[in-house]
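Structure at a glance
Each chain is listed here by its residues.
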Amino acid sequence: MTKKIIFPLVLLFIFLIAGCGKENVSQKEQASVGNTEVKSKELVKVRYAQLSKAVLNIYIPFAAENGVFEKHGIDLEAINFDNGGPEALAAVASGQADMGSFGTPTLTGISKQIPYKLVASPLDREITFVLVATKDIKDVKDLKGKVIATGGVGSGPHQALLKILEANNIKKDEVIIQAAGDVNEEAILKAGQADAVITSEPLVTKLELEGVAHELVKAADVYGKYQHRYVFATNDFIKNKPEAVRSVLKAQQEAIKYAQDNKEELIKYAVKHLELDESLVRNFYDKSIPGWSTDLSIDTEAAKNAFNILKDLEEIDREFDPSDVSKWYDDRFLPN
């Protein structure tokens, strides 16, 4: 009687073990297939040139560290150039970047036939520079004979100062321009080494709240229809990895949306990596984030005007003709 009961139980136990074994083999096979798929979709390394970390570009590494670029098959290496656009442009010309984003020195590079094309816009297309001065300077005309600090010659801040002076009928030799890369505008003003500087938010607000300086002129008020910042890709990268260019732009578009949807985390990230006061960062993002656009297309008329302004400032050759947009803008990679 006991043997009749035990025998079916033994068969059942053997059957269950066999079933479990098949299930385990199946799971291992699935895992193996999954790993093979991951390996077959290796990330494309992209060296991405941008200027020093700031509130308007920190969303790129923020999104990258949260997997947004990896999701699109991109291993993004953000390379920061603290000395401004001319330094970044020189690095691009020497083959140190595949793509990137910064201001009008990108247009200077186009005019000098450095082999890249503009492919999109970042979220911050407009010029954001502001001329601020110490409290004793009441008007731009009061700056005659005074010291003004900007970024290096050929940088966006330096160009902005020249345009502001021109708009106020002040010759550049009527002021003392200190043009240097990686300018610490706050330290320079507090040390009395300059009477005015070209800077941007959130430092403008900080300087005003502390009573160190006040706003004289926004560069945007004297530039007219103008686009300042662009995204580019080298000709070699476009030719050899066109899908990677497209993927970077898709990821960048998603990165903007990711930053908008995760503002609190973005604020914490910016405070940590930029070493800025949280209230200033929060105030900046509260005002600016609602206006961020995920439309990455370039305003070609505003870009043409930017080329012409640079010609007027003698930053690029007057013979350069930007009328043929296809020579400097490749819009095939824009996300739908």
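Since we're looking at a predicted model, the values are computed, not measured.

Before going further, it helps to spend a moment on the overall build of the protein. Helix and strand counts for the protein come out as 14 helices and 10 strands. By residue count, 46% of the 336 residues in the protein fall in the buried class. Sequence-distant contacts, at least 24 apart, represent 80% of the contacts inside the protein between residues at least 6 apart. Looking at the protein as shown, the accessible area adds up to about 17,300 Å², and 50% of this sits on carbon and sulfur atoms.

Moving on, we get to the confidence of the model for the protein. The pLDDT averaged across the protein works out to 88; a share of 88% of its residues lies at or above 70. Within the model, the stretch residues 1–40 combines pLDDT values under 50 with 0 contacts to residues more than four positions away or in other chains.

Within a sheet, neighbouring strands are paired by backbone hydrogen bonds and run either parallel or antiparallel to one another. Reading across the sheet, the 5 strands line up as β7-β6-β8-β5-β9 and stay open at both edges, with mixed pairing between neighbours. Every other strand in the sheet has two partners, leaving β7 (176–179) and β9 (214–218) as the edge strands with one partner each. Direction aside, the axes of adjacent strands within the sheet are offset by 25 degrees on average. One ladder, built from 2 bridges, connects strand β6 (residues 147–150) with strand β8 (residues 196–199); its direction is parallel. Paired with I148 across the strands is A196, a residue of β8. Helix-sheet contacts for helix α6 (residues 156–167) involve β5 (130–133), β6, β7, β8 and β9, and the interaxial angle to β7 is about 165 degrees.

Another aspect to go through is the packing of helix α12 (residues 263–274) against helix α13 (residues 278–288). Here α12 crosses α13 at 135 degrees, and the two axes come no closer than 10 Å. Classified by the angle between their axes, α12 and α13 sit oblique to one another. Remark: the crossing between α12 and α13 carries right-handed chirality. Facing α12, whose interface residues are K263, E264, L266, I267, A270 and V271, α13 presents E278, V281, R282, Y285 and D286. Split by residue class, the contact of α12 with α13 holds 6 nonpolar, no polar and 5 charged.

Using the criterion set out here, one finds 20 salt bridges in the structure. When the shortest N-O distance is used, the salt bridge between E301 and K304 registers 3.4 Å. Of this pair, E301 and K304 both sit in helix α14 (residues 300–312), 3 residues apart, roughly one helical turn. E301 gets classed as partly exposed once you look at its relative accessible area, which sits at 45%. Salt-bridge contacts for R318 lead to D312; the nearest nitrogen and oxygen are separated by 3.7 Å. Residue classification places D312 among the partly exposed positions, given a relative accessible area of 42%. Among the charged side chains, a salt-bridge network with shared partners connects E186, K190, K206 and E210.

Conventions used here
- Within each chain, residue numbers correspond to sequence positions counted from 1 in written order.
- Predicted model: local features are reported for residues with pLDDT of at least 70 only, side-chain atom pairs are reported and counted for 80 or more only, and whole-chain, interface and lining totals are derived from all residues.
- Only hydrogens and water are removed before side-chain values are computed, so all heavy atoms of the structure are retained for them.
- Every helix listed is a DSSP run of H or I at least four residues long, and every strand listed is a run of E at least two residues long, numbered separately from the N terminus.
- Throughout this description, buried means an accessible area under 20% of the type-specific maximum (1.4 Å probe, protein chains only), exposed means over 50%, and partly exposed covers the range between.
- For this analysis, residues touch if any pair of their heavy atoms sits within 4.5 Å.
- Computed with the Shrake-Rupley method and a 1.4 Å probe, the accessible areas treat only the protein chains shown as cover for residues.
- One confidence number per residue, pLDDT, is output by the predictor and ranges from 0 to 100.
- For two strands to be treated as a pair, DSSP must find no fewer than two bridges joining them.
- Lines fitted to C-alpha atoms define the axes here, with helix axes fitted over just the stretch in contact, and angles between the N-to-C directions of these axes take values from 0 to 180 degrees.
- Convention used here: angles under 35 degrees read as roughly parallel, angles over 145 as roughly antiparallel, angles from 65 to 115 as roughly perpendicular, and any remaining angle as oblique.
- Crossings are sorted by hand: turned counterclockwise from the far helix by less than a right angle, the near helix makes the crossing left-handed, and turned clockwise it makes it right-handed.
- Gly is put with the polar residues, along with every residue not named as nonpolar or charged; the nonpolar set is Ala, Val, Leu, Ile, Met, Phe, Trp, Tyr, Cys and Pro, and the charged set is Asp, Glu, Lys and Arg.
- By definition, a salt bridge exists where a carboxyl oxygen of Asp or Glu is found within 4 Å of a side-chain nitrogen of Lys or Arg.

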